[in-house]
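Structural features, examined
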Amino acid sequence: MEKILVHTCCGPCAIMPLQTLIKDMYLPTAYFFNPNIHLDNEFRLRLFAMQEVSKQYEIPLIIEGNYTYFEKIKANANTTKEERLQYRSIVEECVGFLHTHMDEEKFNISVTKILRKWENYAQGFSSFHIDHLQAENGLNQNPHLKMNEELQVDAMAWAMRLKEYKEGERCKLCYEERLYQTAYYAATHGFSQFTSTLLYSRYQNHEDICHAAQNSMEKVNKEIQENSLQNASPVNFYYQDFREHWQDGIDLAKDWGLYRQKWCGCALSRMESLERMAKREYAK
Ligand code: SF4
């Protein structure tokens, strides 16, 4: 049986790729690295769903990164004035779409309705209140779970950078950063292969994901060749089109009662999704 490091973007998308790999006699380790996820509650909900999936399959789960930024903002502590202003400018820019030709009041009501719907849905999950401390308690109870907090993740800086790019371009960058980190971790931790549950999603750009994974693999392998990575061995990107299992994954996610997110991840995708749904609501 061969070991494989599987970048996992969320629990529901991880179900079928993991199941398929296990059936194909691989030994997967899930690797949760997603600094793109906007809002700390959302991050926890997705992480919690991933923990559930790793428990179901009894496979190791590595949580990469120390995500503290939004908590810092929320607590209004240790943030500079400039950081707070930057944060506000992102939020304001994201809600810029409200200034449309539509009846603003009516549209605002639609937005509020959708937001309330999302919040009620999230409240229905016990994970709503989990925090890193609880995740650490989970660490004690779950021998498969490992937190790796050495890598500092600045979700704010991530969002600031992404907003400079158009949708397609920002996603390419987002895939590449997550997959490079996965390839790097694989190479430096004894995995000869890596893949990603992003390859399961029908909402993502499959070709761009493959391209990003391929680039990441080549970059890491070149760094190994040039001796700039210590104690690392070459890695391969394992490709499989997991989209063919799309409906099976949705059915299982529902059966297992997993949290299913309403937007891709970043602040911009949240606003785009909100806009789409609010427009449908508005049209009713
Ligand atoms: S829409 Fe999704 S893939 Fe694209 S940048 Fe945002 S989080 Fe990343």
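These notes cover the structure that comes with them. (Residues numbered from 1 in each chain as written. Predicted model: local features only at pLDDT ≥ 70, side-chain atom pairs only at ≥ 80, totals over all residues. Heavy atoms only, no water.)

Moving on, we get to the layout of surface pockets. Estimates place the volume of the largest pocket at around 1,000 Å³. Forming the boundary of the largest pocket are 40 residues, of which Ser201, Tyr203, Gln204, Trp263 and Cys264 lie nearest the centre. Of all elements in the fold, only helix 1 (11–23), helix 8 (167–188), helix 10 (246–255) and helix 11 (267–283) reach the threshold of two or more residues within the lining of the largest pocket. It is helix 8 that contributes the most residues to the lining of the largest pocket, 7 residues altogether. When its residues are assigned to classes, the lining of the largest pocket shows 19 nonpolar, 11 polar and 10 charged. (1 Å grid on protein atoms, 1.4 Å probe; cavity = no way out; pocket = protein on both sides within 12 Å on 5 of 7 lines; lining within 4 Å. Points joined across faces, edges and corners; volume = space filled by probe spheres on them. Helix = DSSP H or I, 4+ residues; strand = E, 2+ residues; numbered from the N terminus. Nonpolar A, V, L, I, M, F, W, Y, C, P; charged D, E, K, R; others polar.)

A separate point is the packing of helix 1 against helix 10. In the contact formed by helix 1 and helix 10, the axes pass within 8 Å of each other and the chain directions differ by 120°. On the basis of the axis angle, helix 1 is oblique to helix 10. Helix 10 is crossed by helix 1, and the crossing has right-handed handedness. In this structure, helix 1 uses Pro12, Ile15, Met16 and Gln19 to contact helix 10, whose residues at the interface are Asp248, Gly249, Leu252 and Ala253. Class assignment for the residues of the contact of helix 1 with helix 10 results in 5 nonpolar, 2 polar and 1 charged. (Axes fitted to C-alpha atoms, helices over the stretch in contact; angles between N-to-C directions. Parallel < 35°, antiparallel > 145°, perpendicular 65-115°, else oblique. Left-handed = near helix turned anticlockwise from the far one by under 90°. Contact = heavy atoms within 4.5 Å.)

Turning our attention to the site of the ligand. Surrounding the ligand, one finds Asn36, Leu162, Arg170, Cys171, Cys174, Tyr175, Arg178, Gln204, Cys264, Gly265, Cys266 and Ser269. Judged by the fraction of its atoms near the pocket grid, the ligand is located in the largest pocket. Here the shell around the ligand gets 5 residues from one element, more than from any other, and that element is helix 8. Looking at the shell around the ligand, its residues break down into 6 nonpolar, 4 polar and 2 charged. (Near = heavy atom within 4 Å. Sits in = over half its atoms within 2 Å of the grid points.)

Core analysis: the largest hydrophobic core is formed by 56 residues, its most contacted members being Leu18, Met50, Val53, Phe194 and Val220. With 9 residues, the next largest nonpolar core counts Ile114, Met271, Ala278 and Tyr282 among its residues. (Core = buried A, V, L, I, M, F, W, Y, C linked by side-chain atoms within 4.5 Å. Buried < 20%, exposed > 50% of the residue type's maximum accessible area, 1.4 Å probe, protein only.)

Of note, Ala122 is situated in helix 5 (residues 104–123). Ala122 sits 77 residues away from Leu45 along the chain, and the two C-alpha atoms are 7.8 Å apart.

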